[in-house]
Amino acid sequence: MRIALIAKDKPGALDIRKANRDAHVAYLKSSGDTVEMAGPFLDNDGNMCGSLIILNVADMAEARAWAANDPYKAANLFASVELTAWNKVLG
């Protein structure tokens, strides 16, 4: 099943994001087929301010476990994280 992880950064947390980005990207890459696509949301100035990650997992519990191990979670970057079942239609 596909799960959309939608995360919004805490206000003023761009430095936290940048400091942990390499570890986060390494985690994405090490996840194999679990991560179908991923990228940051951008604010009006073009700065990263959140994340959209499409996970392909067996169930919601696996998605929660994946999100719990994200280095951005450990860095306390996010103000909110939403995990929502998602159906791919195009692309």
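Residues numbered from 1 in each chain as written. Predicted model: local features only at pLDDT ≥ 70, side-chain atom pairs only at ≥ 80, totals over all residues. Heavy atoms only, no water.

Attention now moves to the sheet that holds strand β4 (residues 78–86). A sheet is described by the order of its strands in space; here 4 strands give the open sequence β2-β3-β1-β4, paired in antiparallel fashion. Two strands lie at the open edges of the sheet, namely β2 (35–42) and β4, each paired on one side alone. Adjacent strand axes in the sheet meet at a mean angle of 15° when their direction is disregarded. Relative to strand β3 (residues 48–56), strand β1 (residues 2–9) runs antiparallel, the two being bridged by 7 bridges. Bridge assignment links Ile3 to a residue of β3, and that residue is Leu55. (Pairing = 2+ DSSP bridges. Helix = DSSP H or I, 4+ residues; strand = E, 2+ residues; numbered from the N terminus. Axes fitted to C-alpha atoms, helices over the stretch in contact; angles between N-to-C directions.)

Looking now at the packing of aromatic side chains. Geometry of an aromatic ring pair is reported as the spacing of the ring centres plus the angle between the planes. Evaluated as defined, the whole model comprises 2 aromatic pairs. A ring pair is formed by Tyr72 and Phe78, whose centres lie 5.9 Å apart and whose planes are at 90°; its orientation type is edge-to-face. Considered together, Tyr72 and Phe78 belong to a single accessibility category, that of buried residues. Its end group placed over the ring of Phe41, Lys8 keeps NZ or CZ at 5.8 Å from the ring centre. (Phe/Tyr/Trp six-rings, centres within 6.5 Å; stacked < 30°, edge-to-face > 60°. Buried < 20%, exposed > 50% of the residue type's maximum accessible area, 1.4 Å probe, protein only. Lys NZ or Arg CZ within 6 Å of the ring centre and 35° of its normal.)

The next subject is the environment of Arg2. Looking at where Arg2 falls in the secondary structure, it is placed in strand β1. Arg2 gets classed as partly exposed once you look at its relative accessible area, which sits at 26%. Through-space distance from the C-alpha of Arg2 to that of Val35 is 9.5 Å; in sequence the pair is 33 residues apart. Not counting chain neighbours up to four residues away, the residues in contact with Arg2 comprise Glu36, Ile54, Leu55, Asn56, Thr84, Ala85, Trp86 and Lys88. Side-chain polar atoms of Arg2 contact the side chain of Glu36, separated by 2.8 Å. (Contact = heavy atoms within 4.5 Å. Polar contact = N/O pair within 3.5 Å; in protein donor to acceptor, adjacent residues only side chain to side chain.)

Nothing here speaks to function; it is all geometry.
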